[in-house]
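Coordinate inspection notes
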Amino acid sequence: METVHRPRSAAEWATFAVAVLLVLLGLPLLIMGAQLATLGGSLYYVLFGATIITGGVLMVFGHVAGAFVYLAAWLCTWPWAFWEVGMDGWGLLPRLFGPSLVAIAVLLTIPVLRRTQRKTSLRGSAV
């Protein structure tokens with residue numbers, strides 16, 4: 001059974017904080033997105049919420065795949081946003097600005113996650 005990676009350095013703590021942030025951001029998207037979907041709205045928020053929760057949980061366990069899961073969801077956000085509101089800048093702003101800021105933070109975690117994953121796999125192979 002896999003355990004949560006225990007952060008030791010400041011970079012690992014920051015990475016852990018970003019992972020927890022993803023989970024905390026994903027929960028309301030999932031819950032409120034489901035409410036919106038039942039009212040006939042877009043399923044996008046449910047899918048995006050579930051995906052970033054998955055990415056955050058993977059990152060908590062020290063897997064670099066979690067960062068790539070978030071980044072894939074973020075990339076899918078761009079065409080969806082343009083499909084949803086077209087070229088309306090004010091309509092695009094809330095759909096793209098926040099997720100893009102989080103994407104920058106997630107990109108910065110990739111080297112730390114790779115190091116963490118390498119250490120974990122080396123430790124596991126020595127046992």
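Predicted model only: the values in this text are computed from it and were never measured.

Attention shifts here to the overall build of the protein chain. The secondary structure content of the protein chain amounts to four helices and zero strands. When its helices and strands are written in sequence order, the protein chain yields α-α-α-α. By principal-axis analysis of the C-alpha atoms, the protein chain measures approximately 55 × 30 × 20 Å. Considering only contacts in the protein chain between residues 6 or more positions apart, those separated by 24 or more positions represent 61%. Here the protein chain contributes 8 positively and 4 negatively charged side chains, and the mean placements of these two sets differ by 18 Å.

What follows is about the nonpolar core. General note: in soluble globular proteins, nonpolar side chains tend to be found buried as a group. L22, F48, M59, A67, Y70, L71 and V106 are the most contacted members of the largest nonpolar core, which totals 22 residues. Contributions of two or more residues to this core are made by α1 (10–38), α2 (44–60), α3 (65–85) and α4 (89–126). A total of seven residues in this core trace back to one element, the largest contributor, which is α4. Leaving out residues up to four positions away in the same chain, F48 has contacts with L29, Y70, A73, W74, T77 and P99.

Put simply, α2 and α3 touch, their axes get as near as 7 Å, and they point 160° apart. Accordingly, the angle class assigned to the pair α2 and α3 is roughly antiparallel. Two packed elements cross with a definite hand, and for α2 against α3 that hand is left-handed. Every residue of α3 that contacts α2 at Y44, Y45, F48, T51, I52, G55, L58 and M59 is listed here: A65, G66, A67, V69, Y70, A73, W74, T77 and W80. When the residues that make up the contact of α2 with α3 are grouped by side-chain class, the tally is 13 nonpolar, four polar and no charged.

On to the UniProt feature "transmembrane region" (unreviewed entry) in the protein chain, then. Within the UniProt annotation, "transmembrane region" (unreviewed entry) is assigned to residues 13–31, 43–72 and 92–113. A distance of 17 Å separates the end C-alpha atoms of residues 43–72, which is 83% helix and 0% strand. Helix makes up 100% of residues 92–113 and strand 0%. Its end C-alpha atoms lie 31 Å apart.

Attention shifts here to the packing of aromatic side chains. Under the counting rule described, the total for this entry stands at eight aromatic pairs. Between Y44 and F48, the aromatic rings sit 5.4 Å apart at their centres with planes inclined by 15°, giving stacked as the arrangement. Pair noted here: Y44 and F48 are both in helix α2, with a separation of four residues, about one helical turn. Across this residue pair, the class does not change: Y44 and F48 are buried. Aromatic side chains W74 and W78 sit 6.2 Å apart centroid to centroid with 85° between the ring planes, which places their arrangement in the edge-to-face category.

Turning our attention to the packing of α1 against α2. Angle between the axes and distance between the axes are the two parameters that describe a pair of packed helices. Contact geometry for α1 and α2: axes closest at 7 Å, N-to-C directions at 155°. The pairing of α1 with α2 is recorded here as roughly antiparallel in orientation. As α1 packs across α2, the resulting crossing turns out to be left-handed. Tallied by class, the residues present in the contact of α1 with α2 amount to 22 nonpolar, six polar and no charged.

Criteria and thresholds
Residues numbered from 1 in each chain as written. Predicted model: local features only at pLDDT ≥ 70, side-chain atom pairs only at ≥ 80, totals over all residues. Heavy atoms only, no water. Helix = DSSP H or I, 4+ residues; strand = E, 2+ residues; numbered from the N terminus. Contact = heavy atoms within 4.5 Å. Lys, Arg positive; Asp, Glu negative; His and termini not counted. Charge placed at Lys NZ, Arg CZ, Asp CG, Glu CD. Core = buried A, V, L, I, M, F, W, Y, C linked by side-chain atoms within 4.5 Å. Buried < 20%, exposed > 50% of the residue type's maximum accessible area, 1.4 Å probe, protein only. Axes fitted to C-alpha atoms, helices over the stretch in contact; angles between N-to-C directions. Parallel < 35°, antiparallel > 145°, perpendicular 65-115°, else oblique. Left-handed = near helix turned anticlockwise from the far one by under 90°. Nonpolar A, V, L, I, M, F, W, Y, C, P; charged D, E, K, R; others polar. UniProt positions renumbered as here; feature names shortened; annotations may be inferred. Phe/Tyr/Trp six-rings, centres within 6.5 Å; stacked < 30°, edge-to-face > 60°.

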